[in-house]
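# Residue-level structural notes
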Amino acid sequence: MAMERSEVEIVKPRNDKREYRRIVLPNSLEVCLISDPDTDKAAASMNVDVGSFCDPEGLEGLAHFLEHMLFYASEKYPVEDSYSKFIAEHGGTTNAFTSSENTNFFFDVNADCLEEALDRFAQFFIKPLMSADATIREIKAVDSEHQKNLLTDVWRINQLEKHLSSRDHPYHKFSTGSWETLEVRPKAKGLDTRLELLKFYENNYSANLMQLVVYAKENLDVIQSLVESKFVAVRNISRNPFDFSGNPCPSEHLQILVKAVPIKDCHKLKIFWPITPGMHHYKEGPCGYLSHLIGHEGEGSLFSVLKKLGWAISLVAGEEERSYAFSFFYTIIELTDAGQEHIEEIVGLLFKYIKLLQDSGVQKWIFDELVAIRETGFHYKDKIPPIHYALDVALNMQLYPPEDWLVGSSVPSKFSPDTIQKILNELTPSNVRIFCQSKKFEGCTNLTEPWYGTQFAVEKLDIMTLEKWVEKAPDVNLSLPKENVFIPTDLSLKNVQEKVRYPRMLRKSPFSRLWYKPDTNFFTPKAYIRIDFNCPESKHSPEASVLTEMFTRLVMDYLNEYAYDADVAGLSYGIKHTDTGFEIICVGYNHKMRILLDKIISKIDDFEVRPDRFSVIKESLQKEYENYKFHPPYRQAMYYCSLLLEEHSWPWSEELEVLQHLEPNHLLQFTPRLLGKTHLECYISGNIEPKEAESTVEHIEEVLFKASNSPSKQLFPSQHATKRIVKLQDGLRYYYAVEGSNPSDENSSLVNYIQVHQDDMKMNVKLQLVALVAKQPAFHQLRSIEQLGYIALLRQRNDHGVHGLQFIIQSTVKDPSYLDARVNAFLGTFESTLYEMSDDEFKSNVNALIDLKLEKHKNLREEAAFFWKEISDGTLLFDRKESEVGALRELKKEELVEFFNSHVKFDAPERRNLSVQVYGGLHQMEYKHAIDNLPPGSCQITDIFSFRRSRPLYGSFRGGIGHMKL
């Protein structure tokens, strides 16, 4: 078969300058080529139409296990882990995942290194080496991944939904795999898992079931030639596509109410129906239309009514599966305690809203409005990293014809009332499945889901019962949404007079400072506004911290019904508690951004405490605090590390304690103090002219500072709040050991943090280069070879300009003290890697890091986040990338080795080390030993706050010499 080149035109956004081409190789491998001359990164994604639904009976998780094994080695590149090592050393990342109907492998790499990366990648699908030695190790890795998920409610409830389905449909299967399913049970049946794995690969991985995307800077002809040479050898056995049609939920699994006990304290209600898959009608968009209405949060919506009744915290609706075989339409409602007592009425209200949609008929104006929003979103879509873009397109290739690979089902183009009505007619009481999670069901269940151990009970519902629920539902005013006033109509670009690269201070007053940068890179009708309120009152006690959090949540709560339309129309906003007060962020189309921002400022100015909403927000926040103890141990370790290092941070236990006693009058008294003294740090960028930016801040000042009844006054110079970090002692190893907060969690964890320096160009690049070179070897040694745990990684850490490294490991197989010793052992072996690095390897690593640094921002958000960090930290090094590249070009290998020997290796004289060890349920004996036996040369921390008070602090850059002056 000759190579086929399709002349079909792939629909693309009108502002997209990239070029696309579809080709089909002689082996039937379908490929999408993407040429982007401006890209810094190349990327590829291979989608294989073989997923966990294809697992053989009795070998649950085999497809997922195969995904793990393909990464190891190939006949052409037999050195274990050489693919991942090559990618990491050339500025890239790799990953893969297995879902129900497909497995996807993807990577990115510095643009000049694509050819070799692609050659290594292609070998997975040509001649992989799945060695016997690697087999047992990766079964353990799969099991470790499963252990990580065992106490996670999302995984548990998802499997419960599958459990309560037809055993004859692959939807029923357990998909992750474990030691039990991949080693113990096969062995008991006389099966060799590796031989079954090879058989599975040989029988199913075929080029005609694969879709490849390659994203590169070269022209399409060059990319095509590259792809043909690398992938033509992928085997094609002309395997028939898998067919998963059939109903996973026959009648015995419909009209059921399932009551399940979650791990976390929450009340969640999920009402869902099996439906005709939306993929069959993706151009008509029936599920998008219905999810827009059922999931709406504006006036008259189901959520608005439930919120007014005090029954709901959040609501989402939509289609669950992207499949031609089967699908579900769901509504998920997070309930309050009061809502949990009214499940029947809530289900009744949902069916009342569905009846309203039936009676109102399909509205063309709503469909047209959705199309207008979606079209604008498609044509002005932000550029995203190539690795994510390649992945998205590859997944679309499995589902859509070539002309729709980019647009997918995001923009419906045909108004078909009958199609929408058809899906709506399937949302009936006779077709429904209702799953409710609550701790209140403890002791009221009689069944156990076999894979995750979830306790549950099932109650069969008849039509009469469901009709009674509708009858007893409150008589409330449900209605269709009104016209969306936030849809942008002016998408013109402002004329930028100066082609600036960095923000500049446009305006300064006693109340605020404005940083401004016009859009000179992205040319979209979008803007980004960030207003940071520096409020000293917000941080002086746990009570102040909690009240500030309550304030921000209530402002968001009050705005929700009004501003929901803005979010739907592509104008998002957030009001969040920060370390030094709170902040407002608005990002999206600039046309009506000022209207939204003025409304937010008005809500802050006129803030009131509504007792009913206060109690709902308090209840929600209290559950969040109480659920901290169920966080996975690695997150607990990271939390303790931050608590030890940050000068003004309060433990969640203290914040929970004060929250329990707070009443509306406390917030009423606190808010004038919070807002009474503040300073605004403002950043405005994008499609906004300087005078607009200035008038925006002037208006905020008028409202909050200058009117006769304004709530705020300027800060005194002594009042500006900063964030400072504890300085560890040279040559001393601190360790903090603590029991995990959830005794049922068998996982333990370690954060081994090496604090190195405060922001300095030369030191920054040395640390970054060590991290670049060590990252993949650390992962390979600690996870792949030693099998210490699924989570085993090395990261850089930056706390307000204080830089360091941290190893993060979560494990059931070894205790934290052992994990800590293995980290130090790795650093011992890595020392020789640095010593033995050739000059060519050193230059290659330096160049890879330079390429990473010179990578251009993809969109306005990314650019704003980079510049905002400089403003927030007070460093103001807007040319940081260029300065660090200059430092890298001058760096010598000897300097890197000397840096490692002085600051990073285990016995380095200037090494500042903090080991945070969280001991899980399997390692209680080891915990007792750890606290009674001090390791040599270590300092045990027994009290976090005594330790924090006893240590000096790094100075803040906010106000430092040569940096930001307050």
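All figures in this text were calculated on a predicted structure; none of them were measured in a lab.

## Considerations on the overall build of the protein chain
If you tally the helices and strands in the protein chain, you get 31 helices and 28 strands. The globule rule puts the C-alpha radius of gyration for 966 residues at 30 Å, and the 29 Å found for the protein chain is close to it. C-alpha extents for the protein chain along the principal axes are approximately 70 × 70 × 65 Å. Here the protein chain, with 966 residues, has 59% of them falling under the buried criterion. Across the protein chain, contacts joining residues at least 24 apart in sequence account for 82% of those joining residues at least 6 apart. Working note: accessible area of the protein chain is about 37,800 Å², and carbon and sulfur atoms make up 50% of it.

## Some points on the pattern of salt bridges
Summed over the entire model, instances satisfying the criterion amount to 62 salt bridges. When the shortest N-O distance is used, the salt bridge between E882 and R501 registers 2.7 Å. Of this pair, E882 sits in helix α28 (residues 880–890) while R501 sits in the loop between α16 (463–472) and β17 (504–508); the two residues are 381 residues apart in sequence, bridging distant segments of the chain. Look at R501 and you get exposed, because its relative accessible area is 55%. Salt bridges sharing partners connect three or more residues here, namely D759, K853, E870, R880 and E884.

## Structural notes on helix α3 (residues 114–122)
Burial analysis of α3 places 7 of its 9 residues in the buried class, the great majority of the element. Looking at α3, one finds that the buried residues are L114, A117, L118, D119, R120, F121 and A122. Lining the buried residues of α3 we find β4 (41–48), α2 (82–89), β7 (103–110), β9 (210–216) and α8 (220–231).

## Description of the environment of S131
Looking at the element boundaries, S131 is found in the loop between β8 (128–129) and α4 (132–149). By relative accessible area, which is 30% here, S131 ends up partly exposed. With 62 residues separating them along the chain, S131 and M69 place their C-alpha atoms 8.7 Å apart. Other than its neighbours up to four places away in sequence, S131 contacts M69 and R194. Polar side-chain contacts of S131 include one of 3.1 Å to the backbone nitrogen of A134.

## Focus: the UniProt feature "domain: Peptidase M16 N-terminal" (unreviewed entry) in the protein chain
Per the UniProt annotation, the sites labelled "domain: Peptidase M16 N-terminal" (unreviewed entry) are residues 31–165. A helix fraction of 41% and a strand fraction of 23% characterise residues 31–165, whose end C-alpha atoms lie 36 Å from each other.

## Examining the UniProt feature "domain: Peptidase M16 C-terminal" (unreviewed entry) in the protein chain
The feature "domain: Peptidase M16 C-terminal" (unreviewed entry), as annotated in UniProt, sits at residues 193–372 in this numbering. Taken as a whole, residues 193–372 contains 39% helix and 21% strand, while its terminal C-alpha atoms sit 53 Å from one another.

## Some thoughts on helix α25 (residues 816–836)
Over its 21 residues, α25 extends 31 Å from the first C-alpha to the last, a length consistent with the 30 Å expected when each residue adds 1.5 Å. Buried within α25 we find P816, L819, D820, V823, N824, F826, L827, F830, E831 and L834. The secondary structure elements touched by the buried residues of α25 are β23 (733–739), β24 (748–758), α24 (761–785), β26 (802–811), α29 (893–903) and β27 (912–919). You can read the cap of α25 off the contacts: a side-chain oxygen lies 3.0 Å from the backbone nitrogen of S817, and it is on D815.

## Some thoughts on the packing of α2 against α3
Running from N to C, α2 and α3 cross one another at 155°; their axes reach a closest spacing of 10 Å. Looking at the two axes, α2 sits roughly antiparallel to α3. For the pair α2 and α3, the sense of crossing is left-handed. Facing S82, Y83, F86 and I87 of α2, the residues of α3 in contact are E116, A117, R120 and F121.

## Focus: the sheet that holds strand β11 (residues 267–275)
Read from one edge to the other, the open sheet built from 7 strands follows the order β12-β13-β11-β14-β10-β16-β15, with strand pairing classed as mixed. In this open sheet, the two strands that pair with only one neighbour each are β12 (312–319) and β15 (447–448). Strand direction decides the pairing type here: β11 and strand β13 (residues 327–335), joined by 8 bridges, are antiparallel. In the strand pairing of β13, F272 is matched with Y330. Contacting β11, β13 and β14 (433–438), helix α12 (residues 343–360) crosses the sheet at an angle of about 40° to β11.

## Looking at the sheet that holds β23
Spatial ordering of the open sheet is given by β25-β26-β24-β27-β23-β28, a layout of 6 strands whose pairing is mixed. Looking at strand neighbours, the two that pair on one side only are β25 (791–799) and β28 (938–940), the edges of this open sheet. Between one strand and the next, the sheet's axes are offset by a mean angle of 20°, whatever the strand orientation. The sheet contact formed by β25 and β26 spans 9 bridges and is antiparallel. What sits directly across from A792, in β26, is I809. With respect to the sheet, α25 is in contact with β23, β24, β26 and β27, its orientation differing from that of β24 by roughly 45°.

## Section: the packing of helix α9 (residues 286–294) against helix α15 (residues 417–424)
Running from N to C, α9 and α15 cross one another at 65°; their axes reach a closest spacing of 9 Å. Handedness of the crossing formed by α9 with α15: right-handed. The residues of α15 that touch α9, namely those facing P286, C287, Y289 and L290, are T419, I420, I423 and L424. For the contact of α9 with α15, a count of residues per class yields 7 nonpolar, 1 polar and no charged.

## Some points on the packing of aromatic side chains
By convention here, two paired aromatic rings are described through the distance between centres and the angle between planes. Evaluation of the coordinates by the stated rule reveals 48 aromatic pairs. An angle of 25° between the planes, with centres 6.0 Å apart, marks the rings of F53 and F326 as stacked. Placement of F53 in the loop between β4 and α1 (62–70) and of F326 in the loop between β12 and β13 is noted, with a sequence separation of 273 residues between them. With relative accessibility at 5%, the residue F53 sits in the buried group. One Lys or Arg, R18, reaches over the ring of Y389 and ends 4.2 Å from the middle of that ring. Here the basic side chain of R610 rests over the ring of Y558, its NZ or CZ set 3.9 Å away from the ring centre.

The rules behind the values
- Residues numbered from 1 in each chain as written.
- Predicted model: local features only at pLDDT ≥ 70, side-chain atom pairs only at ≥ 80, totals over all residues.
- Heavy atoms only, no water.
- Helix = DSSP H or I, 4+ residues; strand = E, 2+ residues; numbered from the N terminus.
- Rg over C-alpha atoms; globule rule 2.2 N^0.38 Å.
- Buried < 20%, exposed > 50% of the residue type's maximum accessible area, 1.4 Å probe, protein only.
- Contact = heavy atoms within 4.5 Å.
- Areas by Shrake-Rupley, 256 points an atom, 1.4 Å probe, with all protein chains shown as cover.
- Salt bridge = Lys/Arg side-chain N within 4 Å of Asp/Glu carboxyl O.
- Polar contact = N/O pair within 3.5 Å; in protein donor to acceptor, adjacent residues only side chain to side chain.
- UniProt positions renumbered as here; feature names shortened; annotations may be inferred.
- Expected span 1.5 Å × (residues − 1).
- Axes fitted to C-alpha atoms, helices over the stretch in contact; angles between N-to-C directions.
- Parallel < 35°, antiparallel > 145°, perpendicular 65-115°, else oblique.
- Left-handed = near helix turned anticlockwise from the far one by under 90°.
- Pairing = 2+ DSSP bridges.
- Nonpolar A, V, L, I, M, F, W, Y, C, P; charged D, E, K, R; others polar.
- Phe/Tyr/Trp six-rings, centres within 6.5 Å; stacked < 30°, edge-to-face > 60°.
- Lys NZ or Arg CZ within 6 Å of the ring centre and 35° of its normal.

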